[in-house]
Amino acid sequence: MKKTIGLFAHVDAGKTTLAEQLLFQTQTIRHKGRVDHKDTFLDTHEIEKQRGITVFADQAIFSYNHSTYYLIDTPGHVDFSAEMERAVQIMDAAIIIVSAVEGIEGHTETVWRLLQKHKIPTFFFINKMDRTGANAPKVIDEIRTQLTEDVCDITNTEVQSNMCDELIEFIAERHEVLLEQYMEDGYQADLWFETMKDLIITNQLFPCASGAALQGTGIDCFLEKLDVLTSTNFDNEKPFAGRVYKVRYDEKGTRITYIKALTGTLQVRDEINYDAVEESFVEKVTQIRLYNGTKFQTVNHVTAGDLFAVTGLSSASAGDGLGSIKSKVNYEMISALKSKVIYEEPMNVREVLRYFQILNAEDPALNVTWVERSQEIHIHVMGTIQLEVLKHVVKERFHLNVTFGDPEILYKETITAKVMGYGHFEPLGHYAEVHLKLEPTEKDSGITFNSECHPDHLPIGTQNVIQTHLFEREHHGILSGSPLTDVKITLVTGRAHNKHTTGGDFREAAYRALRQGLEKTDSRLLEPFYDFRIKVDLDIMGKVLTDIQQAHGSFDTPFTEGNQAFLTGKVPVATFMNYGAEFASLTKGKGTMNLVVGGYYPCHNQEEVMERLQYRKDADPDYTSSSIFCSKGQGFSVPWDQAEEYMHC
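Predicted, not measured: the structure shown is a model, and the values here were computed from it. (Residues numbered from 1 in each chain as written. Predicted model: local features only at pLDDT ≥ 70, side-chain atom pairs only at ≥ 80, totals over all residues. Heavy atoms only, no water.)

1. Considering the packing of aromatic side chains
For step 1, the next point in the chain: Per the stated rule, a full pass over the model turns up 20 aromatic pairs.
For step 2, the next point in the chain: Plain terms: the ring middles of phenylalanine 123 and phenylalanine 222 are 6.5 Å apart, the flat faces sit at 80° to each other, and that makes the pair edge-to-face. Placement of phenylalanine 123 in strand 5 (residues 122–127) and of phenylalanine 222 in helix 9 (residues 219–229) is noted, with a sequence separation of 99 residues between them. You'll find phenylalanine 123 and phenylalanine 222 in the same group, each marked buried.
For step 3, the next point in the chain: Aromatic pair tyrosine 258 and tyrosine 291: ring centres 5.3 Å apart, planes at 35°, arrangement tilted. Within this pair, whereas tyrosine 258 is found in strand 9 (residues 255–263), its partner tyrosine 291 is found in strand 13 (residues 287–292), the two being separated by 33 residues in sequence. (Phe/Tyr/Trp six-rings, centres within 6.5 Å; stacked < 30°, edge-to-face > 60°. Helix = DSSP H or I, 4+ residues; strand = E, 2+ residues; numbered from the N terminus. Buried < 20%, exposed > 50% of the residue type's maximum accessible area, 1.4 Å probe, protein only.)

2. A look at the packing of helix 6 (residues 165–172) against helix 8 (residues 189–201)
Two quantities define a packed helix pair, namely the angle between the helix axes and the distance between the axes.
For step 1, the next point in the chain: Helix 8 packs onto helix 6 with a crossing angle of 55° between their chain directions and a minimal axis gap of 11 Å. When the interaxial angle is binned, helix 6 and helix 8 end up oblique. As for how helix 6 packs across helix 8, the hand of that crossing is left-handed. Residues Leu167, Ile168, Ile171 and Ala172 of helix 6 form the contact with helix 8, whose participating residues are Trp192, Thr195, Met196 and Leu199.
For step 2, the next point in the chain: Its residues assigned to classes, the contact of helix 6 with helix 8 comprises 7 nonpolar, 1 polar and no charged. (Axes fitted to C-alpha atoms, helices over the stretch in contact; angles between N-to-C directions. Parallel < 35°, antiparallel > 145°, perpendicular 65-115°, else oblique. Left-handed = near helix turned anticlockwise from the far one by under 90°. Contact = heavy atoms within 4.5 Å. Nonpolar A, V, L, I, M, F, W, Y, C, P; charged D, E, K, R; others polar.)

3. A closer look at a negative patch on the surface
For step 1, the next point in the chain: Taken together, the side chains of Asp153, Asp165, Glu166 and Glu169 make up a negatively charged region of the molecular surface.
For step 2, the next point in the chain: Broken down by element, the negative patch gets its largest block of residues, 3 residues, from helix 6.
For step 3, the next point in the chain: Relative to the elements of secondary structure, aspartate 153 occurs in strand 6 (residues 151–153). (Patch = residues over 30% accessible without salt bridge, like charges linked within 9 Å, V, L, I, M, F, W, Y side chains within 5 Å. Areas by Shrake-Rupley, 256 points an atom, 1.4 Å probe, with all protein chains shown as cover. Salt bridge = Lys/Arg side-chain N within 4 Å of Asp/Glu carboxyl O. Lys, Arg positive; Asp, Glu negative; His and termini not counted. Charge placed at Lys NZ, Arg CZ, Asp CG, Glu CD.)

4. Brief notes about helix 9
For step 1, the next point in the chain: Counting buried positions over the 11 residues of helix 9 gives 8, a clear majority of the element.
For step 2, the next point in the chain: Of all the residues in helix 9, the buried ones are Ile219, Phe222, Leu223, Lys225, Leu226, Asp227, Val228 and Leu229.

5. Focus: the pattern of salt bridges
For step 1, the next point in the chain: In this structure the tally under the stated criterion is 32 salt bridges.
For step 2, the next point in the chain: Here aspartate 547 ties to lysine 543 by a salt bridge, and the two come within 2.7 Å at their closest N and O atoms. Here the residue aspartate 547 and the residue lysine 543 both occupy positions in helix 14 (residues 541–550), the gap between them amounting to 4 residues, near one helical turn.
For step 3, the next point in the chain: Classification of aspartate 547 by relative accessible area gives buried; the value is 10%.
For step 4, the next point in the chain: Through salt bridges with shared partners, one network takes in Glu83, Arg86, Arg248 and Asp363.

6. As for the nonpolar core
In a soluble, globular protein the nonpolar side chains are often hidden away together inside.
For step 1, the next point in the chain: Within the largest apolar cluster, 60 residues are counted, with the highest numbers of intra-cluster contacts made by Phe124, Leu266, Phe308 and Leu322.
For step 2, the next point in the chain: If sequence neighbours within four positions are ignored, phenylalanine 124 has contacts with Ile96, Val98, Trp112, Ile143, Leu147, Thr148, Val151, Phe206, Pro207, Cys208, Ala209 and Phe222.
For step 3, the next point in the chain: Judged by nonpolar contacts, the second largest core, of 56 residues, contains Ile53, Leu400, Ile540 and Leu567. (Core = buried A, V, L, I, M, F, W, Y, C linked by side-chain atoms within 4.5 Å.)

7. Here we look at the sheet that holds strand 4 (residues 93–99)
For step 1, the next point in the chain: Reading across the sheet, the 7 strands line up as 2-3-1-4-5-7-6 and stay open at both edges, with mixed pairing between neighbours. The sheet terminates laterally at strand 2 (58–64) and strand 6, the two strands that pair on one side only. Sheet twist, expressed as the mean angle between neighbouring strand axes with direction ignored, is 25°.
For step 2, the next point in the chain: Relative to strand 7 (residues 206–210), strand 6 runs parallel, the two sharing 3 bridges. Residue pairing for strand 7: cysteine 152 is matched across the bridge by proline 207. (Pairing = 2+ DSSP bridges.)

8. Observations concerning the side chain of serine 315
For step 1, the next point in the chain: Residue placement: serine 315 occurs in the loop between strand 16 (307–311) and strand 17 (321–323).
For step 2, the next point in the chain: Overall, the relative accessible area of 19% leaves serine 315 in the buried class.
For step 3, the next point in the chain: Among the polar contacts listed, one links the side chain of serine 315 to the side chain of serine 314, at a separation of 3.3 Å. (Polar contact = N/O pair within 3.5 Å; in protein donor to acceptor, adjacent residues only side chain to side chain.)

9. Observations regarding the environment of glutamate 109
For step 1, the next point in the chain: On the secondary structure map, glutamate 109 appears in helix 4 (residues 106–117).
For step 2, the next point in the chain: When the C-alpha atoms of glutamate 109 and leucine 387 are compared, they prove to be 24 Å apart, with 278 residues separating the residues in sequence.
For step 3, the next point in the chain: Beyond its immediate sequence surroundings of up to four residues, glutamate 109 is in contact with Ile104, Gln146, Leu147, Arg533 and Asn594.

10. What to know about the side chain of lysine 260
For step 1, the next point in the chain: Residue placement: lysine 260 occurs in strand 9.
For step 2, the next point in the chain: A polar atom in the side chain of lysine 260 sits 2.8 Å from the backbone oxygen of isoleucine 90.
For step 3, the next point in the chain: Not counting chain neighbours up to four residues away, the residues in contact with lysine 260 comprise Thr4, Ile90, Asp92, Phe234, Ala241, Gly242, Arg243, Tyr245, Gly305, Asp306, Leu307 and Phe308.

Listed below in structure tokens is the structure:
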């Protein structure tokens, strides 16, 4: 049986140390490394050794009983949440490590929410029981209060043959039919064990154990229970299907695509079909690698359940389905900040851009863009720690010294009312006209497209060309030049010319129609908001709530338990991104704060932001709202507020 197991935790909870123990106790490694000794099996990158944190989701392979385990150690720092999320999608089970002293911390809740979204069977391991102040029952109570009531302690109980009364009662409460059978026939070990496994697989029960990874205490017992309580069922008879979860470039510049095989078999020289970057690809696998830490072995074939890497795929990216799977995973961990790349002057900007495009293939959340009008490279980031790591990575891999501008908020724009937009492009020898209906849609829906255009007016192929042009780039709003979002674009009608319409004419007409519509309707600036969850002592709850209000945030009715208060709500990233240091001082390090970008909402200071950004809508080199018409062999421009009168449709 093949199982992919992920390790997740808030930074410093002991995740990498637990990975070392699992590998050591299964005789995969001969020597247990330590984070503070900088010699762990999975944290091998220099930046990970220096900082003592996991930055990259690397994997190891070990065997236990009759199963092969693929173990992935994921980053625990919030700045590397995107790397962690990309690994979640291919897990068969997950282990959340929680410190027995610190308890539930900010990032723990983010991890939990993601695992639940993807319906990953989850185990808890309460670590650091050897430390002063360790309190496993208290942590279990926190899990029940803050994460799920369906957690059960399996540390000191048998799960296969002789469950304790507490566990029997726990399972019975979640399975009515089993409870009735228990009342009639009593406890039947096999039946209750299989029921427990089913409840775990369906995310109705979450086992919890405790121990001390550094000392190796409780690890063998936990591994034994993890092994019997998890199972997979992969089908090797179906056609090959897989999911990409990571892309890397090796020291020779070879693109390595990491894949989880979900069905079927794949062999070297087989062809894989997939859709990427609005294109369909059929490419041949030239090599298959099984990675264990930094080392790999080449194999001739893999089967369903295997975690492996291939060479030969040029464009597949994280989240792409391969073979018989066409769907692509949409990730929710988004960046709210952008930063400018600053490089040494003699360096050619195109060369710098090429390096960052390699990094972008490995981490699509960077969203590397070339801004033509300012001749700058911009990237999206989660925070300042990520920038420090990127600086080190660029120096180490490309021998290039870079710095980054101060992170700025990533704003967006939308519209508030339905409007028609008209665009016409007819310089001499060209012709295209497009009519677009623009409508606001629900929050965080992005840009969607529909066509009501009759094929007699524009052939289906031409309608598809217009759709392609509308999605080939982000579009600038007219308030700040920020990306347009939450808009439904409907193609109503259009016109072509049998002789004069050429390649890019419909791009020109569609862009002008979009811009003309934006000029006619009201737009609204949007800014990213955090969804926050804060735990503090009751005596400082009032101060924290005041800080949230002053930061233009809102909060739900506080929930209190004992001497603690739990606060949830929303607050602008711009006003709260630097609150961490003040919060730590206020709570003397005892409070916890979880901040996750929860989407875009109307900007709290729109006029101030517009004044600061100084975007000039009429001077944007990428857009114009005017249309071009032709009369007597001469093209002439018509401004947006008059263009509708000149339209031919």
